Amino acid sequence: MASKIKTIGDAIDFKTIIQAKYQGDAGAVRTFCPHVLGNSSSGQKVVLCFQFAGYSGVPIDPSLPIKNWRCLRLSKLKNVVAVTGPWRSATNYSAVKQKNVKTIDKKV
């Protein structure tokens, strides 16, 4: 878990893209830009991210990026790696207004 926290924390600091597999996605890769790292209301470590490519249970919509936010549990992320490419976000991002991460450790 510590290496995932460091990789995602560094990606927030340096605005780096992350690729990872998410448990339950049948081994498919998700590609996202992490914006907030912290704990959910139940105390689980989570990342609020803008997903722009790869698999998602809710389809990615390039024409409506404000709907491409995901809150992922770190315990379910596997093979977390930083990759190069342009940082992405959406106009509705707000670390303060979001409700998925109760306690913020790091944010953009």
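You'll find the structure just up there.
In what follows, the accompanying structure is described. (Residues numbered from 1 in each chain as written. Predicted model: local features only at pLDDT ≥ 70, side-chain atom pairs only at ≥ 80, totals over all residues. Heavy atoms only, no water.)

Turning to the pairing of strand E1 (residues 17–22), a few remarks are in order. Pairing of E1 with strand E5 (residues 77–83), which is carried by five bridges, proceeds in the antiparallel orientation. If you follow Lys21 over to E5, its bridge partner there is Lys78. Taken together, the four bridges between E1 and strand E2 (residues 29–39) define a ladder with antiparallel strand orientation. Across the sheet, the residue bridging to Gln19 is Thr31, located in E2. Counted between consecutive antiparallel strands, the loop separating E1 from E2 contains six residues, among which Gly24 sits at a positive phi close to 95°. (Pairing = 2+ DSSP bridges. Helix = DSSP H or I, 4+ residues; strand = E, 2+ residues; numbered from the N terminus.)

The terminal C-alpha atoms of helix H1 (residues 2–14) lie 18 Å apart, and with 13 residues this matches the ideal 18 Å at 1.5 Å per residue to within 8%. Those residues of H1 that fall on the buried side of the exposure criterion are Lys4, Ile8, Gly9, Ala11 and Ile12. Viewed end-on, H1 has its buried residues packed into an arc of 155°, placing them on one side of the element. Of the exposed residues in H1, the ones pointing more than 90 degrees away from its buried face are Ala2, Ser3, Lys6 and Phe14. Elements that come into contact with the buried residues of H1 comprise E1, E2, strand E3 (45–54), E5 and strand E6 (103–107). Immediately beyond the C-terminal end of H1, within one or two residues, lies Lys15, with a positive phi of roughly 50°. (Expected span 1.5 Å × (residues − 1). Buried < 20%, exposed > 50% of the residue type's maximum accessible area, 1.4 Å probe, protein only. Arc of directions from axis to C-beta. Contact = heavy atoms within 4.5 Å.)

Among soluble globular proteins, nonpolar side chains are generally buried collectively. With 14 residues, the main nonpolar core has Ile8, Phe32, Val47, Leu72 and Leu77 as its most contacted residues. Mapped onto this core, the elements with two or more residues apiece are H1, E1, E2, E3 and E5. Cys33, Leu48, Phe52 and Trp69 belong to the second largest nonpolar core, which has eleven residues in total. (Core = buried A, V, L, I, M, F, W, Y, C linked by side-chain atoms within 4.5 Å.)

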